[in-house]
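A look at the structure
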Amino acid sequence: MSARSTADAVRAGERSARSVVEEHLAAIDAREDEIHAFNLVMADEALTQADDVDRRIAEGEDPGPLAGVPVALKDNLCTRGIDTTCGSRILEGWRPPYDATAVERLVAAGAVVIGKTNCDEFAMGSSTENSAFGPTRNPLDTSRVPGGSSGGSAAAVAAGFAPLALGSDTGGSIRQPAALCGTVGVKPTYGRVSRYGLVAFGSSLDQVGPFAASVEDAALLLEAIGGHDPRDSTSIPEASPDLLGVLGQGVEGLRIGIISELMGGPDQAASVEGIAEDVRARVEQAAEALAAAGATVEHASVPSTIYGLSAYYLIAPAEASSNLARFDGVRFGLRVDADTAPEMNTATRTAGFGDEVKRRIMLGTYALSAGYYDAYYGRSQKVRTLIQRDFSRAYESFDLLLSPTAPTTAFPLGDKTDDPMLMYLADVCTIPSNLAGHPAMSVPFGTGDDGLPVGVQVLAPALAEATMFRAAAVLEGTAP
Amino acid sequence: MSDQALIPGWEVVIGLEVHAELATVTKMFSSALNRFGGEPNTNIDPVSLGLPGSLPVLNEKAVELAIRVGLALDCVIQPSVFSRKNYFYPDMPKDFQISQYDLPINGIGSLELPDGRRIGIERAHLEEDTGKSTHVGGGGRIHEAGHSLIDYNRSGVPLIEIVSAPDMRGAEDARAYVSELRSILVAIGASDGKMEEGSMRVDCNVSVRRQGTTELGTRCEVKNINSLRSMGRAIEYEARRQVDLLESGERVQQQTRHWNEDDGRTHKLRSKEEAYDYRYFPEPDLVPVEPSEEWIAEIRAALPMLPRERRRRLADAAGVEPSDTALTVQRGMDDLAVDAIAAGADAERVLVHVENNLADGAGELTAAPFAALVAMETGGDLTATQAKTVLADLVASGGDPAAHAAAHGFEAMDTSELEALVDRIIAQHPDDWDGFVGGDDKERRKKAGFFVGQVMKATRGQADGRIVNELLAQRADGQGA
Amino acid sequence: MPEKPRLNREDVAHVADLARLALTDDELDAFTGQLADVLDHAADLEALDLDGVPPMANPLPLVNVLRLDEPEPGTRADIRAEVLDAAPSVEDGRFRVPPVLGEAP
Ligand SMILES: [Mg+2]
Ligand SMILES: [Zn+2]
């Protein structure tokens, strides 16, 4: 049952929020041990919240468009009084004294928070193997990763633990796991969803966004969490977009471009490498489906996207190195004692952070350090400008762009853990949108040769989520 | 300026960095109160504690106050960007400070000292304050403390950092600069400027060079200065230390040094090589600040008169040099003085009273009675001593100076009565009179004092000393002729 | 591959120090190789002509996002008890840390 029909049934008094939550808790009971989607299942709290929704309905109130719908939250979203770990030992047991804005809005829309989902530590990773609390497995094939870093949220939706989940996407951390788990995943325009209460990774890139089993449910969730928030200086001063209203409009007359540089293959002159043949074939098939639905589909060039990965792996770690300095053992979270404050900082951070986090902190520190700033961070910021300009140029001719979401289908656990650079390549198609600040989403479109899902990425200019969702709805309807 | 050559043959070069807390209601980046000193960790919120997930949002008032400072210092007001200054320290909750780096809100400007000289301002930028550490054990000394306790009430309080050019040449200059800056900050309502309470903090960059040379010497930054007095001492100590090094053939190392009030010395904190690598980069959680022309004009229009304008206004009214009006303006009595002069009072007497007799404030004194009092004094109705007494009455309770004078029984003596008295006293003290008439300058001054004293005694202070002196001179001239 | 390594063990030891991380010798070796790989990959940026291209710190063109100088009513500022409860060490309502040694910069 979709989130939308569940909410409608609960609002109409046709079924209780409690029964909805119980049904999902049962699903969690059945498979969570095997999948490990959650760091925390909030069974008691969820039932209490559900009862509250039921009581309000009994009293004639409307709890909102997400009435009684369980939502799983990535464990880097602050929840007041509830453990928020970011998948890290350094925050184990930490309970924030406040809720993230996105969480506040969910609750205000009647949703029920059912748990905190596992993720790569501080959202750094593409497989959810970097969690201090163990990996999450792909519900479709438990020998495979769910993608990352929001792998727990993707797995929770794919396994039916929750109809909706929130993740965060800095370089693809919603879209790539959505693709690998066969769900819909959306990275909104930078600034569309408040970052207040999202534990920062790369502040100029981070966006909170939805996971859902359908395009419609993703639209429902994004509508609920989007819109201006005065607590986030980078929040776009506009109301949340109307998405549900446009889903049926189709793509007739839209101009859609396939990004040549992100398709790989022998016929592409300048393209990223590593795009699997079966993935490319599905994207081409998706393009045909859109053409069949009335869109004009052509190849498009966004030349500097091939530099996205390099720029991203300097910018994001640089920002992270600064954002993660506050985990110093002074005010919250883990402390490993020592004789002096600097030694205490070092002991705490050394014990509290995993290898991938240390790697990125050091990389970012290096990129910002005296004598290297211009060559690394400064240069990458200029590349960011190039990428945004190239996109703008492409959007003069196209309404939307298309690419694979991830280069391959879900890969086996342990496959890339020894080679960070290989792991980073999993984000090659998703990173450019973060650098440009544009929205993009992944829609499941058939499977690869291994029978595992392939995601097609729909990219749109800033604030054009509505157009993006129209195409996503068509793809969903025509997926093989 | 007075000769400040503290050390013969050498010139001291000083540039100052002044941090002043801005007088806002809430913090720079959050709605927690800008108030500290009370119960620890009460004016905090997720932002001022740097909790994970918290985000800064800039206080409009802090920007407005910064612009006021910029306008008062004739700075270029420009588009600005906040950056992160990264360093680990427990009182800095995010382990980075949000500050303005390469693009400060206020660019080049200048500050005019009371003597008319201008000290260059390189920039005046916005940044956030840190929390406060208390070092427990080891007598509160940082190096010997057993542990430290941190209160984040001050964390996130808005600061303006005003960086001067190296335009000062001695402790006197530095004192004049800081006093003037403080007067400006207070006048425009930007800060309370209380150095002793830490709401205004000064770091001094000190270097020395041989007199007559123009190249800047290697400088040291001196920190931990808590009063104007210690600033002067620290500058003098540091300049002497550097000259001693150079005169003994050594070199000055670029260092950050710590002023120790107890031993009266500066101590090395760290060398240039040990300087922090702050890894500045633009703060991604904030957007640029680009104050519009209209906003700047609005702020300018609402700016009160600055100390330098007040000095000039009073100087024009009084027909003196602006530097002669500095104390009156500093005491905030220039409105009173200007109004009293406008009401016809003698400007010189007005300034003398403000400088000598109103150190503790003007109390109930207003311009019209002040002017009336001065008129009585210059008209010969009151002696200087009597005027001072009546002035004190006006300060204490206001009212009419004539009434106060009458209550004291002060009446103008008629001159013929005074002449008779003077002649009588001369006759009673022939030896002293000889000394007055025939003595050298010193003796004559001494005897003048004697006779005026006798007259005052006889009149219970009601005679006008000036007139008595004139009469004595007339009588002596008459004899000498 | 570049002729000269883009960073060496000493560089990594230095950044670890700046970032307050302690590394074993083995970790130092491993991280040096991995970070050099990332920087080698990023060498593709060196060929780009970026003259006159402005750096982009933030993808949005927003400016002047300001809040009124007013205290916020409600609970967000009233978190003292929760925060002190959750702190690793507290004394007299303040956060307790081992001696800090040096002055703040
Ligand atoms: Mg400074
Ligand atoms: Zn400063």
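Residues numbered from 1 in each chain as written. Chains lettered and ligands numbered in written order. Predicted model: local features only at pLDDT ≥ 70, side-chain atom pairs only at ≥ 80, totals over all residues. Heavy atoms only, no water.

**Looking at the coordination of the magnesium ion (ligand 1)**
All names here are of chain B. Put simply, the rule is: Only nitrogen, oxygen and sulfur atoms qualify as donors, provided they sit within 2.8 Å of the metal or within 3.2 Å for Na, K and Ca; with water excluded from the atoms, sites may seem incomplete. Secondary structure elements follow DSSP: runs of H or I no shorter than four residues count as helices, runs of E no shorter than two count as strands, and numbering proceeds from the N terminus. Three exposure classes are used, based on accessible area relative to the maximum for each residue type with a 1.4 Å probe and protein chains only: buried under 20%, partly exposed in between, and exposed over 50%.
Taken together, Glu17 (OE) and Glu161 (OE) make up the full set of protein donors to the magnesium ion (ligand 1), lying 2.4 to 2.6 Å away. In this model, the magnesium ion (ligand 1) sits 4.0 Å from the zinc ion (ligand 2), the two metals being bridged by glutamate 161. With glutamate 17 in strand S1 (residues 10-21) and glutamate 161 in strand S9 (residues 158-164), the pair connects residues that are 144 residues apart, well separated along the chain. An identical accessibility class is assigned to glutamate 17 and glutamate 161; each is buried.

**As for the domain arrangement of chain A**
Residues and elements named next belong to chain A. Test applied: Either an automatic procedure or a domain database provided the assignment from which the domain bounds are taken. Salt bridges, as used here, are contacts in which a Lys or Arg side-chain nitrogen is within 4 Å of a carboxyl oxygen on Asp or Glu. Asp, Glu, Lys and Arg are counted as charged, while Ala, Val, Leu, Ile, Met, Phe, Trp, Tyr, Cys and Pro are counted as nonpolar; the rest, among them Gly, fall into the polar class.
Looking at the assigned domains, one finds that chain A contains domain 1 (3-230 + 242-247) and domain 2 (249-310 + 376-478). Once you take the C-alpha centre of each, domain 1 and domain 2 turn out to be 24 Å apart. Our enumeration of links across domain 1 and domain 2 arrives at 2 salt bridges. In this structure, the salt-bridge partner of glutamate 465 is arginine 192, at a minimum N-O distance of 2.9 Å. Looking at which element gives the most residues to the side of domain 1 that touches domain 2, the answer is helix H6 (residues 175-181), with 6 residues. Partitioning the side of domain 1 that touches domain 2 into residue classes produces 20 nonpolar, 16 polar and 10 charged.

**Notes on the interface of chain A and chain B**
In plain terms, the rule: Contact between two residues is taken to exist if any of their heavy atoms lie within 4.5 Å; hydrogens are not considered. Once two parts are put together, the accessible area they lose, assessed with a 1.4 Å probe and summed over both, is termed the buried area.
At the interface, 38 residues of chain A touch 30 residues of chain B. Between chain A and chain B the total buried area reaches about 2600 Å² when both faces are included, carbon and sulfur atoms providing 59% of it. Ranking the residues of chain A by area buried against chain B places Ser233, Arg326 and Arg331 of chain A at the top, with a combined share of 24%. For the pair chain A and chain B, the number of links is 2 salt bridges. Between aspartate 95 of chain B and arginine 331 of chain A there is a salt bridge, and its shortest N-O distance comes to 3.9 Å. Those elements that place two or more of their residues in the side of chain A that touches chain B are helix H9 (308-323), helix H10 (341-352), helix H11 (355-368) and helix H12 (374-397) of chain A. If one sorts the elements of the side of chain A that touches chain B by residue count, H9 of chain A sits on top with 4 residues.

**Details of the pattern of salt bridges**
Think of it this way: side chains of opposite charge can pair up when their charged atoms draw near. All chains considered together, the criterion is met by 66 salt bridges over all chains. For arginine 169 of chain B, the salt bridge identified is with glutamate 11 of chain B, shortest N-O distance 3.5 Å. Here glutamate 11 of chain B lies in strand S1 and arginine 169 of chain B lies in the loop between S9 and helix H2 (171-187), a separation of 158 residues in the sequence. Aspartate 29 of chain C is paired through a salt bridge with arginine 9 of chain C; the nearest N and O atoms lie 2.6 Å apart. Of this pair, aspartate 29 of chain C sits in helix H2 (residues 25-41) while arginine 9 of chain C sits in helix H1 (residues 9-18); the two residues are 20 residues apart in sequence, bridging distant segments of the chain. The exposure class of aspartate 29 of chain C is partly exposed, given its relative accessible area of 42%. On the basis of relative accessible area, arginine 9 of chain C is assigned to the partly exposed category, the value being 30%. Residues joined by salt bridges that share partners form a network here, namely Arg195 and Asp232 of chain A together with Arg84, Glu283 and Asp285 of chain B.

**Some thoughts on helix H2 (residues 17-35) of chain A**
Residue and element names in this part refer to chain A. As a reminder of what qualifies: Expected helix span is given by 1.5 Å per residue-to-residue step, counting one fewer step than there are residues. A residue's bend is the angle separating two fitted axes: one through the seven residues that end there, the other through the seven that start there.
In this model H2 runs 25 Å from its N-terminal to its C-terminal C-alpha over 19 residues, within 8% of the 27 Å that 1.5 Å per residue would give. At aspartate 29, H2 is deflected by roughly 40 degrees, the largest bend along its length. Looking at the residues trailing H2, positive phi occurs at histidine 36, about 55 degrees.

**With respect to the sheet that holds strand S7 (residues 255-259) of chain A**
Residues and elements named next belong to chain A. Filter applied, for reference: Whether two strands pair depends on DSSP finding at least two bridges between them. Lines fitted to the C-alpha atoms define the axes, with helices restricted to the stretch that makes contact. Angles between their N-to-C directions range from 0 to 180 degrees.
An order of S1-S3-S2-S4-S6-S5-S10-S11-S9-S7-S8 is seen for the 11 strands of this open sheet, with the pairing classed as mixed. What marks the edges here is a single partner per strand, and that holds for strand S1 (38-41) and strand S8 (296-300). Strand-to-strand twist in this sheet, taken as the mean axis angle between neighbours without regard to direction, amounts to 30 degrees. As paired strands, strand S9 (residues 400-404) and strand S11 (residues 453-459) are joined by 4 bridges and run antiparallel to one another. Bridge pairing in S11 places leucine 401 opposite leucine 459. Packing of helix H7 (residues 215-225) onto the sheet brings it into contact with strand S4 (164-169), strand S5 (184-187), strand S6 (207-212) and strand S10 (440-447), and relative to S6 it is tilted by some 145 degrees. On top of the sheet, H12 reaches S7, S9 and S11; it is set at about 115 degrees to S9, its chief contact.

**Quick look at the sheet that holds strand S7 (residues 132-136) of chain B**
Reading across from one edge, S7(B)-S8(B)-S3(C)-S2(C) is the order of the 4 strands in this open sheet, with antiparallel pairing throughout. Strands at the two margins of the open sheet, each flanked by one partner only, are S7 of chain B together with strand S2 (90-91) of chain C. Inspection of the sheet shows strand S8 (residues 147-151) of chain B paired to strand S3 (residues 94-97) of chain C by 3 bridges, in the antiparallel sense. Considered in S3 of chain C, the bridge of serine 148 of chain B is made with valine 97 of chain C.

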